[in-house]
Amino acid sequence: MKNNFGSLRLNNASHRVSNWLVPIFAGCLVLSNPAFSNLGLGQQISLRASPASSLPDRVEVTYEAEGKLVVRETGRVQTLPMKVQAKFVFFERRPEIQQVGGVNGNSLRVAIRWYETAETSGTVDNQPVTAKLRADRRLVALRADQTEFALWSLAGPLTRAELDLLRPTCGTVVLEDLLPAQPVQKGSKWELPGQALASLVGFDGLVSSDVEATLLEIAGDIARVEFGGKVEGASEAMSSAVSVKGRYQFSVSQGRMVWLGLAYHERRDPGPIAPGVDVVTKVAITIRPGVDCPQIADLRLVEAAINPRPEDLFLEEEPPGQLWRLHYDRRWHVTALTDRFCVLRYVDRGSYLAQCKIARANRPQQGMSLAQFQADIREALGKQFHRFVHASELRSVAGTPLYRVEAQGLVGDVPVLWIFYWIANPGGEALVLSFTVEQSLYERFAQADKQLVEGLKFRVEEVAARPR
C-alpha cells in the first residue's frame, strides 16, 4: 500500500501488530469439502492458481491506519495524529496474457476494473479528511510487470489525489505470487517473493525481503497460510522498512486465493514529496470469483490496457481559484498549493530530481520583454547567479510571447541550473514557472520542463473573472 494515511509511534510495535491481526483473522470462512479434509500426514498438495476466468471477480479491500504524520518545517519536526479508514469494492477481469516469466507465471499482468466504491475518510491533526473517486473515472486499467505498476482511468485522466487513493489496491494483482512454487504439506515453509510484498505494502521499489510463509492446515476446501518477516524498500522517494504479519486462505477447488489479512508497521522519515510516517496499518482483502459486471465486458478494453499511450498515464489538476489547469506526467508531485503559487517536485524511479514553482506574475507597467525578464531573474537570484546559458523568445498556442531562460549558479556549494518561463495570455494575465535542477541531474531530467509547459493551459473562466 502506498502509505498516505499516516503513522503510529509504538513502544512495542511487533506486539501491537499481532494484536491488530486478531479481528482480521476472526470468523474466517471455511468451506466443507470431504475431498480435501482427509489429507493424511505428510501428504502433499499443489496450491496453484487456476487460469483466468471469463467472469470477473468481486474484490473488497479495507484499510485502517492509525498513528502520526511526521512533518519537518524550517528545521523543526512536528508530529500530527491521524486515523484514516478506506474502503474499495471493485469488479476485476484478468485476461490471460501470452507472455511468460517471473516468479509464478506471467511477467505482464493486466486487469480491467470497475470501481463500485473507492473512498477514504478520517482525521489528521483532528481535522476531517476525505477522498473519493469521481463517478466518471470508475473504469480503470492496471498494468504490472516485474518492476512497476501503472494504474489509470480509461475514461479520462485521474488527479494525483485519485491516483494516491487507488494505489493501495494495486497489489491485489500479484496475490498469486504468494503461493508456493512446489507442492506442500502441513508445516511446509517457503520464502515469499519480495517484489509482490513490496507491492502489497505500497513500496515503489524493493531493497530486500525475508518474509517466510508456512502452510498451517487444509480445512475442508481451504488451505490456510501464515507469513511474517521484514521488507525494505523505497516509498515516496525515501528509504523505508516494514514489519509484516499476515495470513491468507486459498480455495483448492477454485484455484484461487479468496481472502488475505495483513498488518504492518512502518516508520519513514519526511521526504521531498511527502511527510514521514510512524504507522500501523491493517488490510483485509476478500475475493469472490465469477461475478458478472457488464461495465468491463467489452474486449476492446484489454488492448487499451496492454498498450497504453504515454499520455494515457498523465494526471490532471484544476486547482480552485487558480488561473491554470495542468495535464502532466505523474512523476511530478504537487507538494504545496496556495492562491498565489503551486510547487511540484519531480521524482523518477525513487530519486528526487527537480522542483518547479508555478506563480502568478505581477503585471509589468510597460509589458514584458525577454531582456526585462532576464534582468528580473538576475535580481531574484542575487549572489547565487553565475551566468545565463540560453534565452529564447517563443510563441504560445494562443500567439502570445513565451520566454524561456536558462541560468547557472550555486546554492551553497552545489552547482544548479534554473529554467524560467514567462507565459502570458491574450488578456495580459501571466504566469512565471521556475525549475530548479542540480547540474549533475540535468541529463536525467531530460528537459521534463518542456513537457510540463506543454500541458499547462490558462483557465479562461478564471482569467475573465479576476479583477483588473
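Because the structure is predicted, anything quoted here is derived from the model rather than measured.

Chemist: A description of the overall build of the protein should follow, citing residues and the corresponding values.
Modeler: Each helix and strand counted, the protein has nine helices and 23 strands in total. When contacts within the protein are restricted to residue pairs at least 6 apart in sequence, those whose partners lie at least 24 apart make up 62%. Working note: accessible area of the protein is about 22,100 Å², and carbon and sulfur atoms make up 49% of it.

Chemist: Explain the side chain of glutamate 316 to me, using residue names and the numbers behind them.
Modeler: Summarising the element assignment, glutamate 316 is placed in strand β14 (residues 315–317). On the accessibility criterion, glutamate 316 (16% relative accessible area) is buried. A polar side-chain atom of glutamate 316 sits 3.0 Å from a polar atom in the side chain of arginine 134. If sequence neighbours within four positions are ignored, glutamate 316 has contacts with Arg134, Arg137, Pro157, Leu158, Thr159, Arg160, Leu326 and Tyr328.

Chemist: Help me get a handle on the pattern of salt bridges, residues and values and all.
Modeler: Inspection of the entire model under this criterion finds 29 salt bridges. The partner of arginine 167 in a salt bridge is aspartate 204, with the nearest N and O atoms 2.8 Å apart. On the criterion of sequence distance, the pair formed by arginine 167 in the loop between α3 (160–166) and β7 (189–191) and aspartate 204 in the loop between α4 (194–200) and β8 (205–209) is long-range, its members being 37 residues apart. You can call arginine 167 partly exposed: its relative accessible area is 23%. Members of the salt-bridge network, linked through shared partners, are Glu92, Arg94, Arg109, Arg113, Glu176 and Asp177.

Chemist: Go over the packing of aromatic side chains, please, and point to the residues and values.
Modeler: Note on aromatic pairs: each is described by the distance of the centres and the angle between the planes. Per the counting criterion, the structure on display carries 12 aromatic pairs. Ring geometry for tyrosine 346 versus phenylalanine 445: centroids 5.5 Å apart, planes at 85 degrees, classification edge-to-face. Residue tyrosine 346 is found in strand β17 (residues 341–348), and its partner phenylalanine 445 is found in helix α7 (residues 442–445); the two are separated by 99 residues along the sequence. Overall, the relative accessible area of 0% leaves phenylalanine 445 in the buried class. These aromatic residues form a ring-pair network of at least three members: Trp332, Tyr346, Tyr421, Phe435 and Phe445.

Chemist: Describe the layout of surface pockets, naming the residues involved and giving the relevant values.
Modeler: The calculated volume of the second largest pocket comes to roughly 1,100 Å³. Along its surface, the second largest pocket is lined by 35 residues, and Glu148, Phe149, Arg167, Arg330 and Arg331 are the ones closest to its centre. Elements with a contribution of two residues or more to the lining of the second largest pocket: β5 (139–144), β6 (149–153), α3, α4, β8 and β17. By residue number, the principal contributor to the lining of the second largest pocket is β6, which donates three residues. In terms of residue class, the lining of the second largest pocket is built from 15 nonpolar, eight polar and 12 charged.

Chemist: An account of the sheet that holds strand β18 (residues 351–360) is needed here, citing residue identities and associated values.
Modeler: Strand order in the open sheet made by the seven strands is β16-β17-β18-β22-β21-β20-β19, with antiparallel pairing throughout. On the outer flanks of this sheet lie β16 (332–337) and β19 (385–395), each paired with one strand and no other. Taken over all neighbouring pairs, the strand axes of this sheet differ in orientation by 20 degrees on average, direction set aside. Inspection of the sheet shows β17 paired to β18 by eight bridges, in the antiparallel sense. From the neighbouring strand, aspartate 348 faces β18, where its bridge partner is serine 351.

Thresholds, definitions, all that
Residues numbered from 1 in each chain as written. Predicted model: local features only at pLDDT ≥ 70, side-chain atom pairs only at ≥ 80, totals over all residues. Heavy atoms only, no water. Helix = DSSP H or I, 4+ residues; strand = E, 2+ residues; numbered from the N terminus. Contact = heavy atoms within 4.5 Å. Areas by Shrake-Rupley, 256 points an atom, 1.4 Å probe, with all protein chains shown as cover. Buried < 20%, exposed > 50% of the residue type's maximum accessible area, 1.4 Å probe, protein only. Polar contact = N/O pair within 3.5 Å; in protein donor to acceptor, adjacent residues only side chain to side chain. Salt bridge = Lys/Arg side-chain N within 4 Å of Asp/Glu carboxyl O. Phe/Tyr/Trp six-rings, centres within 6.5 Å; stacked < 30°, edge-to-face > 60°. 1 Å grid on protein atoms, 1.4 Å probe; cavity = no way out; pocket = protein on both sides within 12 Å on 5 of 7 lines; lining within 4 Å. Points joined across faces, edges and corners; volume = space filled by probe spheres on them. Nonpolar A, V, L, I, M, F, W, Y, C, P; charged D, E, K, R; others polar. Pairing = 2+ DSSP bridges. Axes fitted to C-alpha atoms, helices over the stretch in contact; angles between N-to-C directions.

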